[in-house]
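Listed below are the residues making up each chain.
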Amino acid sequence: MTRLTVALRDTAARVDAATPAHRDRAVDALRAFAVLGVVLGHWLVTALVADGRSLRAASPLQHMPWLAPVSWAFQTLAVFFLVGGHVATRSYASARERGTPYRRWLHARLARLFGPVVAVLTLWTVVTLALLLSDAEYGTVRTLVKLALSPMWFLLVFAVLTAATPLVARLHPLWPSAVVLHVDVFRFGLGAPDGLGWLNLAAGWLVPYTLGAAWTRGELEGRRSGWVLLGGGTAATAALVAWTGYPAAMVGVPGAEVSNLNPPTLAAVTFGLAQCGLALLLRDRLRHAMRSPAAWAAVALVNLSAMTVFLWHQTALMATTAALLPAGPLPGLHTVPEGLGWAAARLPWLVAFVLALAVCGAAFRTWERGGGRRRRARPSTVVRAHRPMTERAPHV
């Protein structure tokens, strides 16, 4: 056994020993899987195609729509909001018991949420100005900035829902679901302006958020609720895609007339219900799996770095693509994603993206908690204090 193996095993044992017995490790595991799902999904379906001096965004789903099931596996945003709603409502109830004012509770949560954003905005402001001053093609600059800042919409929506936690803590998920249904009927059935769809940006993600609140209230403890959500959500999504014209892909596809995600559609909501049902059904198995010190330490590490991973993964992809442009066009990195050859060539590049993300994490790790004002905590410190990692991660 090597020294590295021994050191890793000892670290995992310390993290496991420092975790309070009452901590629900399934929550942290679901959050970690949700973060990694989004990151891998973006890396697999986002392509930057080199076209002379410019880079343009493309997706393999444009050329291979039959790959839509890939988006079903990696579009895990509903799980983000399920766990986020659960942890936020639990945290607010605990704050009320301690007598903590709402304003102080909200400030603490939003500070942890938005502190690391400053580093992203600062870097990309500098990069954007440098590109424009160097006479870079405007379309390229716009594409890069849009990809880099795309995770921000999630943080804004989540901030709004977090602020509304006292109001929505007992809201039944059927109410926001009804809003999404009516908005889609007006948009797609009655010819209302597409701008009306942006009401679903809040209503659509409020559905899993309120499911998380129901979890906190103990209303989703039985397996029956998980099976109802999984079965009902799956059947409804299949019917909407097969018979009403909703896209099969659960992510945005460049050039597509309708996106299920931007803004969320009824199909995205029913798909999210199915995901939430599956997540609820997996809780017991995850709790059992997290008894392994190695598995729990890995989950704790992902949660501790969740904001860095979430905010910087697109930057890692773009940095790798741009840095290797002089050697390109390289298959799977700069080429048009129009066949299985591209997909096969893409997989090895995931390693390069991980390494680039690790560099970003090392460079900006001090921003993970509180905008760089405090030293980054070790996993054992976090779990010992039992401060939900969701309060530092993107509440996923």
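Notes on the structure follow. (Residues numbered from 1 in each chain as written. Predicted model: local features only at pLDDT ≥ 70, side-chain atom pairs only at ≥ 80, totals over all residues. Heavy atoms only, no water.)

## Digging into the overall build of the protein
- Of the regular secondary structure elements, the protein holds 19 helices and 2 strands.
- Over its C-alpha atoms the protein spans a radius of gyration of 21 Å, differing by no more than 12% from the 21 Å that the globule rule assigns to 396 residues.
- Along the first, second and third principal axes, the C-alpha set of the protein runs to 60 × 60 × 40 Å.
- Across the 396 residues of the protein, 51% fall into the buried class.
- Taking all contacts inside the protein whose residues are at least 6 apart in sequence as the whole, residues at least 24 apart take part in 79%.
- For the protein, the accessible surface area stands at approximately 18,600 Å², while carbon and sulfur atoms represent 66% of it.
- Side-chain charges of the protein comprise 37 positive and 17 negative groups, with the mean position of each set lying 11 Å from the other. (Helix = DSSP H or I, 4+ residues; strand = E, 2+ residues; numbered from the N terminus. Rg over C-alpha atoms; globule rule 2.2 N^0.38 Å. Buried < 20%, exposed > 50% of the residue type's maximum accessible area, 1.4 Å probe, protein only. Contact = heavy atoms within 4.5 Å. Areas by Shrake-Rupley, 256 points an atom, 1.4 Å probe, with all protein chains shown as cover. Lys, Arg positive; Asp, Glu negative; His and termini not counted. Charge placed at Lys NZ, Arg CZ, Asp CG, Glu CD.)

## Section: the nonpolar core
- Of all hydrophobic cores here, the largest spans 96 residues; its most connected members are Phe-80, Phe-81, Leu-155 and Leu-311.
- Counting residues per element, this core draws most heavily on helix α2 (residues 25–45), at 12 residues.
- If we skip the residues at most four places from it in the chain, Phe-81 touches Phe-154, Val-157, Phe-158, Leu-161, Trp-205, Pro-208 and Tyr-209. (Core = buried A, V, L, I, M, F, W, Y, C linked by side-chain atoms within 4.5 Å.)

## Side note on a nonpolar patch on the surface
- Judged by side-chain polarity, Leu-181, Val-185, Phe-186 and Leu-190 come together as a nonpolar surface patch covering roughly 370 Å² of accessible area.
- Checked against the element boundaries, Leu-190 lands in the loop between α11 (174–189) and α12 (200–216).
- For Leu-190, a relative accessible area of 60% corresponds to the exposed category. (Patch = residues over 30% accessible without salt bridge, like charges linked within 9 Å, V, L, I, M, F, W, Y side chains within 5 Å. Salt bridge = Lys/Arg side-chain N within 4 Å of Asp/Glu carboxyl O.)

## Describing the environment of Ala-202
- Within the secondary structure layout, Ala-202 lies in helix α12.
- We classify Ala-202 as partly exposed; its relative accessible area is 38%.
- For the pair Ala-202 and Leu-161, spaced 41 residues apart in sequence, the C-alpha to C-alpha distance is 7.8 Å.

## Quick notes on the packing of aromatic side chains
- Going through the model one piece at a time under the given rule, you end up with 15 aromatic pairs.
- Measuring from ring centre to ring centre gives 5.9 Å for Phe-154 and Phe-158, while their planes differ by 35°; the resulting arrangement is tilted. Linking Phe-154 with Phe-158, this pair stays in helix α9 (residues 152–163), spanning 4 residues, or about one helical turn.
- In this structure Phe-154 comes out as buried when scored by relative accessible area, which is 0%.
- With relative accessibility at 0%, the residue Phe-158 sits in the buried group.
- An aromatic cluster of at least three residues, connected via ring pairs, comprises Phe-80, Phe-81, Trp-153, Phe-154, Phe-158, Trp-205, Tyr-209 and Phe-310.
- Of note, Arg-283 hangs over the ring of Trp-215, and the distance from its end group to the ring centre comes to 5.1 Å. (Phe/Tyr/Trp six-rings, centres within 6.5 Å; stacked < 30°, edge-to-face > 60°. Lys NZ or Arg CZ within 6 Å of the ring centre and 35° of its normal.)

## Notes on the packing of helix α13 (residues 223–243) against helix α14 (residues 266–281)
- One can describe the packing of α13 onto α14 by two numbers: an axis separation of 7 Å at closest approach and a directional angle of 150°. By the angle between their axes, α13 is roughly antiparallel relative to α14. Note on packing geometry: the crossing formed by α13 with α14 is left-handed. Mapping the contact onto sequence places Arg-223, Gly-226, Trp-227, Leu-229, Leu-230, Gly-233, Thr-234, Ala-236, Thr-237 and Leu-240 in α13 and Leu-266, Ala-267, Thr-270, Phe-271, Leu-273, Ala-274, Gly-277, Leu-278, Leu-280 and Leu-281 in α14. (Axes fitted to C-alpha atoms, helices over the stretch in contact; angles between N-to-C directions. Parallel < 35°, antiparallel > 145°, perpendicular 65-115°, else oblique. Left-handed = near helix turned anticlockwise from the far one by under 90°.)

## Digging into the pattern of salt bridges
- For the structure shown, the criterion picks out 7 salt bridges.
- With its nearest N and O atoms 3.0 Å apart, the salt bridge here joins Arg-287 to Asp-24. With a gap of 263 residues between them, Arg-287 in helix α15 (residues 283–289) and Asp-24 in the loop between α1 (3–18) and α2 connect regions that are remote in the sequence.
- A relative accessible area of 27% means that Arg-287 is categorised as partly exposed.
- Close ionic contact of Arg-283 with Glu-221 constitutes a salt bridge, the shortest N to O distance being 3.7 Å. Of the two residues, Arg-283 is situated in helix α15 and Glu-221 in the loop between α12 and α13; the sequence distance between them amounts to 62 residues.

By themselves, these figures tell us nothing about what the structure is for.
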